[in-house]
Amino acid sequence: MSRRSRSRSSSLSSLHSTVSSINNGRSTVMAKIWSKPQPYEIGVSDKGEYLKLTCAKASIAAWWMGTLKASFPQDSCADDGRYMKMRPANGVILKLDKNDGSLKIKGPSHYEWFIDNIEDVLGASGEQVTILADLFNGIDKQLGMDGIKAIALLEHLPKSGAIQNGVGSIYMLWKTLLDKWFALGSQVTVVTPQLDAERLMDIVLLLVKNDREGSTVQLLTHEKCDSDATYKHTKTVSKELIKKIRTSHRRRLISDEKMDCAFKQISVKLVPHFNCRYIGMCTEQRGEVMITSASFNKRHFLNDLKDTVAFFRLTAVEYRSQYLEPLGLEKKTSV
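My aim in this report is to walk through the structure given alongside it, one point at a time. (Residues numbered from 1 in each chain as written. Predicted model: local features only at pLDDT ≥ 70, side-chain atom pairs only at ≥ 80, totals over all residues. Heavy atoms only, no water.)

**Digging into the pairing of strand β14 (residues 278-282)**
The element β14 is largely enclosed, with a buried count of 5 among its 5 residues. Side chains Tyr 278, Gly 280 and Cys 282 project from β14 onto one buried face, and the interleaved Ile 279 and Met 281 project onto a second face that is buried too. With 5 bridges joining them, strand β9 (residues 187-191) and β14 adopt antiparallel strand pairing. Looking across to β14, one finds that Val 188 is bridged to Met 281. Here β14 pairs with strand β15 (residues 286-292) via 5 bridges, running antiparallel. Paired with Tyr 278 across the bridge in β15 is Ile 291. In this structure, the hairpin formed by β14 and β15 is closed by a connection of 3 residues. (Buried < 20%, exposed > 50% of the residue type's maximum accessible area, 1.4 Å probe, protein only. Helix = DSSP H or I, 4+ residues; strand = E, 2+ residues; numbered from the N terminus. Pairing = 2+ DSSP bridges.)

The structure is reproduced here in structure tokens:
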């Protein structure tokens, strides 16, 4: 097998994995696309009857025209000035909107054609191109939460709370709740005296994954939040860890721009005298909170330590008055 064939096989294996997850919940997975793409990162939206590929790059329309013609030089295309159409295979129509650069792939066989051909089409440009659905799945893989949802984990947590292991239960609930809340565009609060670089990295990765939703984070921690390491040092280490995360093609998973944008969504308050630990979120109507005795670090989350954990749903007023106001994270409401 040639190197090109092995590379294509590896790429298609990754893509088949992505599409397999889409088949299990196409509308859910494809809704998770990112804004602020870097040059030629392609977002994929599944519209059921067709796939829509988009990119924020201004020159994307001209790039698509050159790429498609290079991929299918033998095929004629119809061009009415606004739209360019091609039929690369039976049952498949490519329709490029030259105004906004979006490409629709439709027809009875559009989905199968996409699976089997999109890697080669993108490779014909000779430039670095990444399908953002792969990046979305890449974050889940990095966090070890592929296919795991908070709602399923909460079914195993009694309403009264419980004592559970950090490594097997609490840490995964922590990650999946943050993921769920960021996907809602919520205001999320993270409170812990101890926060290490890996857990700060987790928060940033989940913000990047859901950056289209515009969530914000209030982080309350100690100045020395990782043993004797300051928050500033912890943040620096976290950035270096994020830069080391690679795709299967040895490219960086998260760009500097996406990483910096996520850090800007985190408002940090360093306070010396508190010892509570929780994550919570609030919308205009309701609040949710997970309380635990576990610190958000390796010692509690990656070792077989037992800690208390509880989850509560409450009104927005209750959440603000009971969990934000006592820590100075919300102005006290007048009675």
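That was the structure; now back to the text.
**Structural notes on the environment of Leu 219**
Position of Leu 219 relative to the elements: it lies in strand β10 (residues 216-221). On the basis of relative accessibility, which here comes to 2%, the residue Leu 219 falls in the buried class. Along the primary structure Leu 219 and Val 191 are separated by 28 residues, whereas in three dimensions their C-alpha atoms are 6.0 Å apart. Among all residues touching Leu 219, those that are not within four sequence positions of it are Val 190, Leu 195, Leu 200, Tyr 231, Ile 266, Ser 267, Val 268 and Lys 269. (Contact = heavy atoms within 4.5 Å.)

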